[in-house]
Amino acid sequence: MPHKIGFVVVSSSGHEDGFSARELMIHAPTVSGWRSPRFCQFPQEIVLQMVERCRIRKLQLLAHQYMIPSKVEFYISESLPEYFTPYQAERFRRLGYVSLCDNEKTGCKARELKSVYVDAVGQFLKLIFHQNHVNKYNVYNQVALVAVNIIGDPADFGDESNITSREKLIDHYLGHNAEDPALEGTCSGKSDYISPLDDLAFDMYQDPEVAQIIRRLDERKREAVQKERYDYAKKLKQAIADLQKVGERLGRYEVEKRCAVEKEDYDLAKEKKQQMERFRSRVYEQLQLHELVDTEPMRRPLDLPLQPLACPSSPHHQPPIRSLPQPEEKVTENRRADPFLQEKPSSHLLDVSPQRLTVDRPPPATEPPPKTHPESLPYDERPLPVTRKQLGVVGSEAERRDALGDEACRADTTGEPEPLTEKALREASSAVDVLGETLVAGAYSRMWSHREDALLTLHKQLTDTPLGTPKEDLKSTLRAAVFLVRRAIRDIVTPVFQASLKLLKMIITQYIPKHKLGRLETAHCVERTIPVLLTRTGDSSARLRVMASNFIQEIALFKEVKSLQVIPSYLVQPLKANSSTHLAMSQMALLARLLRDLGTEGAGFTVDSVMRFSVQALEHRVREVREAAVGMILDLYAQHRALVLEYLPPDDSTTRRNVLYKTIFEAFAKIDGRPTDAEMRAQKRAAAEEAEKRKKEEIKALQGQLAALKEMQAEVQEKESEATKAKNQDTQERKAAPPNAPEIPDNHYLDNLCIFCGERNESFTEEGLDLHYWKHCLMLTRCEHCRQVVEISSLTEHLLTECDQKDGFGRCYRCSEAISKEELPRHVKTRDCNPAKSEKLANRCPLCHENFSPGEEAWKAHLMGPAGCTMNLRRTHVLHKTPVLPPGKGPAATRAGTSGSKVGSKIPTPKGGLSKSSSRTYTKR
């Protein structure tokens, strides 16, 4: 018969503080359930492991009133993969999904209980939560789940497990699964019958103690029906129906008491507690009055083990173990009794209530729970066991407190730890059952030496545990030890803290591998201790901070822990705004170290998680934290440049107003080998100064040439006047004298001469020189953008400063050439250009992009020589070749200070390029 299946939470994608997914393992009116982190990424995931491989028949979800996911998907798996990877969806088989209502009709004041009938076999169940419904209450865009319930059969239950869900679904829609608990017995014989007592609504709205009584009465009712004791079964049926109303009322009182405690209205809380006690006493007296229990002196329910409500044929449920002999059946059915309902007098009935056993989370209780046989109960119905209180050992509560006080005072003198208090006994009841009260009392002692000795003793016990010990004993011992380690990690005394770290390291690296307990137990150890250890990294003691950080880094690198990928998920949790500076700095430093050790490939860290954490850390109030975040981003950028840029704002002037982002982008430029903004500004200033310097030198050279020309012109005029006088005086002598050989006057040296390439040709008249400059001179070229003739040596400066298209060019910082701005980023990124040298060391040809020796003569050798520039298209002309100049008009050129000069001396070519102002740049007419 299908029944409730216990489960544990294996993993979750995240949770808000105080709302862990482990809350889902508790079913009670006061549970809070699981909540996703604020502003989380969707989908969110939770993986559950059932206590046994089973055939799931029914799944139930209790949604939050306003943190409601739009859709929940279900996946099932037979087992986890070889190594613990809880988020790989491909390992699971999809069952389907359910959609949840947005709850607008109720004003977000009601919770939706969703039941899903399935027929699937497995041991691991994954829930995937999609985007939340938007409402005014859910300001952080969270999703939540208050409770989840699994109902099914063991997979190896027998032939009955092969029955399909078709019949069950038909019965469900025909109304055969009656909701009235009083009618449940009519269907109990069917193999697929699901008891209403296993329904999630029963546990979520019933007082836990009354729920246990109802289950016991239901079991007795079944036995009475089998024995055909119908009058007694009828009385039990009515009692169950009444008790359900009582349990709901007590559950409501418990919720109201909890709300009063949260509001610190302790008077109201006390009133609710007394109201519950009075009501409970009255109900129990009525049960006695109707002879549903014996009239013998009754013991409290917690002193007796609660029997499981389980299918007797299930191989995973042991037959009930009764701690007291069953009373013989009376002659009349009204006198029949059950030990479970044997109670103490009514004044003591309401002192405590049984609580269920949950993994690593002791539920709230006001008195110690009963000592039970956990193996005889369903997994999620096991009460927390404590030492049974023997009658007559301690008189009154006051006397017991006095005795404990005296023993605590004697602890210092006798060397023995003081006995456990009631609160400590309730908290550590599971550890007491496994490890013994003496050792646990030492761990709870007020003297630090006793606490340290208890941990060292436990270390020795675990080390000496022999091979072949039953797995269940090993696991229970491990969990009890982790419970004490978790408490000792919070200890402020350094030796106790060190002993706890030593014990935890031994458990992970020796105890679990030695006994082959598996990754699930390793995950349990890590998940229970790492959050507490992380809080100790913010301790005021620098020594404890360093010890905690080093230990976390050490165990994160163990192969048993590394494969779990658990520690990285804790380290990338966003920093809280109110967290201490020490805690934030320790988390940043630890994350940076582990990121270098583990990387971002398959070790738990991803670029996405680390960048989201780092970008949020840039807004932290502490400067050191922000600087550490910048360093982490730069380390990631060196490995994943494109991915890192996706999480940062664009690199523009608005973003660079933020000093942090300006620092980040300038560091990116250095990593890429690009100049920073400051370097680019310095280069521009240096280029402008160099251009201004060259311009001044050029003007100075032109002024010197002009002065030389004027001086030579004056000398020529003086010589001409002297020659005229001499000619008049010697006219007769010249007529008589024989003619002399013709001479070439010195003042005609510049005629028929190109001042750029030095070529002399008879066709170089004013028009012939214009044609030569325009088409043939090897030292000149035409700009492709403005069609002006410029010197090749000054082509780069022309494109940057003089050309009509100068705004479309930029200088490459590597080769110093003028590159189109559209091509400049690609040109800089590829870094294929030949680096330029200093102007004093070499000239740079803009045509072939090669460096050669400095000086003006080197330009002629490079552009005109036989082994010179291979990219000069005018090299087809040969020096001193005399072209035939046809008559007519050709291209015109203006040459200030050169055309028409008759000076007989060579004028040196000015240094630098030609400019428009000097009229040495030529334009086709």
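Rules and cut-offs
- Residues numbered from 1 in each chain as written.
- Predicted model: local features only at pLDDT ≥ 70, side-chain atom pairs only at ≥ 80, totals over all residues.
- Heavy atoms only, no water.
- Helix = DSSP H or I, 4+ residues; strand = E, 2+ residues; numbered from the N terminus.
- Buried < 20%, exposed > 50% of the residue type's maximum accessible area, 1.4 Å probe, protein only.
- Contact = heavy atoms within 4.5 Å.
- Areas by Shrake-Rupley, 256 points an atom, 1.4 Å probe, with all protein chains shown as cover.
- Phe/Tyr/Trp six-rings, centres within 6.5 Å; stacked < 30°, edge-to-face > 60°.
- Lys NZ or Arg CZ within 6 Å of the ring centre and 35° of its normal.
- Core = buried A, V, L, I, M, F, W, Y, C linked by side-chain atoms within 4.5 Å.
- Domains from an automatic or database assignment.
- Pairing = 2+ DSSP bridges.
- Axes fitted to C-alpha atoms, helices over the stretch in contact; angles between N-to-C directions.
- Parallel < 35°, antiparallel > 145°, perpendicular 65-115°, else oblique.
- Left-handed = near helix turned anticlockwise from the far one by under 90°.
- Nonpolar A, V, L, I, M, F, W, Y, C, P; charged D, E, K, R; others polar.
- Salt bridge = Lys/Arg side-chain N within 4 Å of Asp/Glu carboxyl O.
- Patch = residues over 30% accessible without salt bridge, like charges linked within 9 Å, V, L, I, M, F, W, Y side chains within 5 Å.
- Lys, Arg positive; Asp, Glu negative; His and termini not counted.
- Charge placed at Lys NZ, Arg CZ, Asp CG, Glu CD.
- pLDDT = per-residue confidence, 0-100.
- Expected span 1.5 Å × (residues − 1).
- Polar contact = N/O pair within 3.5 Å; in protein donor to acceptor, adjacent residues only side chain to side chain.
- Disulfide = S-S within 2.5 Å.

Attention now moves to the overall build of the protein chain. For the protein chain, the count of helices and strands is 27 helices and 15 strands. By the burial criterion, 48% of the 925 residues in the protein chain qualify as buried. Of all intrachain contacts in the protein chain linking residues separated by at least 6 positions in sequence, the fraction that spans at least 24 positions is 68%. For the protein chain, the computed accessible surface area is about 47700 Å², with 52% contributed by carbon and sulfur atoms.

The next subject is the packing of aromatic side chains. A full pass over the atoms with the stated rule returns eight aromatic pairs. Judged by centre distance (5.9 Å) and plane angle (40°), the ring pair of Tyr66 and Tyr137 falls under tilted. Taken together, the residues Tyr66 in the loop between β4 (44-63) and β5 (71-77) and Tyr137 in the loop between β7 (113-129) and β8 (144-154) connect sequence positions 71 residues apart. Across from the ring centre of Tyr444, 3.8 Å away, lies the NZ or CZ of Arg487, which sits over that ring. Lying across the ring of Phe497, Arg536 places its NZ or CZ 5.0 Å from the centre.

One finds Tyr444, Ile507, Leu533, Ile567, Phe605 and Leu648 to be the most contacted residues of the largest nonpolar core, which totals 90 residues. Ranked by residues supplied to this core, first place goes to helix α12 (residues 494-515) with 11 residues. The residues that make up this core include at least three from each of domain 3 (422-564) and domain 4 (572-674). When neighbours within four sequence positions are excluded, Tyr444 is seen to be in contact with Glu418, Leu420, Ala424, Glu427, Ala428, Phe483, Leu484 and Arg487.

This brings us to the pairing of strand β2 (residues 7-12). The element β2 is largely enclosed, with a buried count of six among its six residues. By the bridge criterion, five bridges tie β2 to β4 in an arrangement that is antiparallel. Counterpart to Ser12 in the pairing with β4 is Ile46.

What follows is about the packing of helix α14 (residues 542-556) against helix α17 (residues 581-598). At their nearest, the axes of α14 and α17 sit 10 Å apart, and the two run at 30° to each other. Regarding the angle of α14 to α17, the classification is roughly parallel. The way α14 lies across α17 gives a crossing that is right-handed. Counting all contacts with α14, which are made through Arg545, Ser549, Asn550, Ile552, Gln553 and Ala556, the residues of α17 involved are His582, Ser586, Leu590, Arg593, Leu594 and Asp597. Here the residues of the contact of α14 with α17 are counted per class, giving four nonpolar, five polar and three charged.

Let's shift gears to the pattern of salt bridges. Counted according to the given criterion, the structure contains 34 salt bridges. Between Glu839 and Arg694 there is a salt bridge whose closest N-O contact spans 3.6 Å. With Glu839 in the loop between α26 (824-830) and β13 (843-844) and Arg694 in helix α22 (residues 677-729), the pair connects residues that are 145 residues apart, well separated along the chain. Using a relative accessible area of 42% as the deciding quantity, one classes Glu839 as partly exposed. Ionic contacts of the salt-bridge type, sharing partners, join the residues Glu690, Arg694, Glu797, Arg811 and Glu839 into one network.

Before going further, it helps to examine a negative patch on the surface. There is a patch of like negative charges on the surface, built from Glu711, Glu715, Glu718 and Glu722. Judged by its relative accessible area of 37%, Glu715 falls in the partly exposed class.

For the bond running from Phe42 to Pro43, omega is 0°, close enough to zero to count as cis. Tracing the sequence through the fold places Pro43 in the loop between β3 (34-35) and β4.

This next bit is on the confidence of the model for the protein chain. Caution applies to low-pLDDT regions: their predicted coordinates should not be interpreted in detail. Across the protein chain, the average pLDDT comes to 75, with 73% of residues at or above 70. Mean pLDDT values over the elements of the protein chain span from 41, in helix α6 (residues 397-414), up to 94, in β3. Under a pLDDT of 50 for its full length, residues 82-90 has, in the predicted model, 18 contacts with residues more than four places off or in other chains. Scored below 50 in pLDDT, residues 293-414 shows 257 contacts in the model against residues more than four places distant or in partner chains.

Next up on the list: helix α21 (residues 659-672). Between the first and last C-alpha of α21 there are 20 Å, a value that for 14 residues agrees with the 20 Å anticipated at 1.5 Å per step. In the core, the buried residues of α21 are packed alongside α18 (607-617), α19 (623-637) and α20 (641-645). Sitting at the head of α21, Asn658 places a side-chain oxygen 2.9 Å from the backbone nitrogen of Leu660.

The next thing to look at is the side chain of Ser563. Looking at the secondary structure, you find Ser563 in the loop between α15 (559-562) and α16 (567-571). Ser563 gets classed as buried once you look at its relative accessible area, which sits at 17%.

Within the fold, Asp491 resides in the loop between α11 (471-489) and α12. Leave out the neighbours within four places in its chain, and Asp491 touches Arg451, Val496, Phe497 and Arg536.

This part takes up the packing of α17 against α18. Running from amino to carboxyl end, α17 crosses α18 at an angle of 150°, the nearest separation of the two axes being 13 Å. The angle between α17 and α18 falls in the class roughly antiparallel. With respect to the hand of their crossing, α17 and α18 are arranged in left-handed fashion. Facing Gln587, Met588, Leu591 and Leu595 of α17, the residues of α18 in contact are Val610, Phe613 and Ala617.

Let us look at the pairing of strand β10 (residues 788-791). Side chains of β10 alternate between two faces, with Gln788 and Val790 and Val789 and Glu791 buried alike. The antiparallel hairpin formed by strand β9 (residues 780-782) and β10 contains five residues in its connecting segment, where Arg787 sits at a positive phi of about 65°.

The next point concerns helix α4 (residues 230-262). For an α-helix the count is 3.6 residues per turn, leaving residues at separations of three or four pointing the same way. End to end, α4 covers 47 Å across 33 residues, agreeing with the expected 48 Å (1.5 Å per residue, within 8%). At the C-terminal side of α4, Glu264 shows a positive phi close to 60°.

Right, let's talk about a positive patch on the surface for a bit. On the surface, Arg249, Arg252, Arg278 and Arg282 cluster together to form a positively charged patch. Positionally, Arg252 belongs in helix α4. For Arg252, a relative accessible area of 45% puts it in the partly exposed group.

It is worth spelling out the environment of Leu753 at this point. On the secondary structure map, Leu753 appears in the loop between α23 (731-736) and α24 (766-776). According to the relative accessible area criterion, Leu753 is buried, its value standing at 8%.

What follows concerns the state of the cysteines. In protein chemistry, a disulfide is the covalent bond that joins the sulfur atoms of two cysteines. On inspection of all chains with the given rule, the structure shows zero disulfides. Among the cysteines around Cys786, which has no disulfide bond, Cys783 carries the closest sulfur, lying 3.5 Å off. Cysteine Cys815 remains unbridged, with the sulfur of Cys812 as its closest cysteine sulfur at 3.6 Å.

In this fold, Ala428 is placed in the loop between α7 (422-427) and α8 (429-435). Ala428 sits 52 residues away from Ala480 along the chain, and the two C-alpha atoms are 8.6 Å apart. Every residue in contact with Ala428, bar those within four places of it in the chain, is listed here: Val440, Tyr444 and Phe483.

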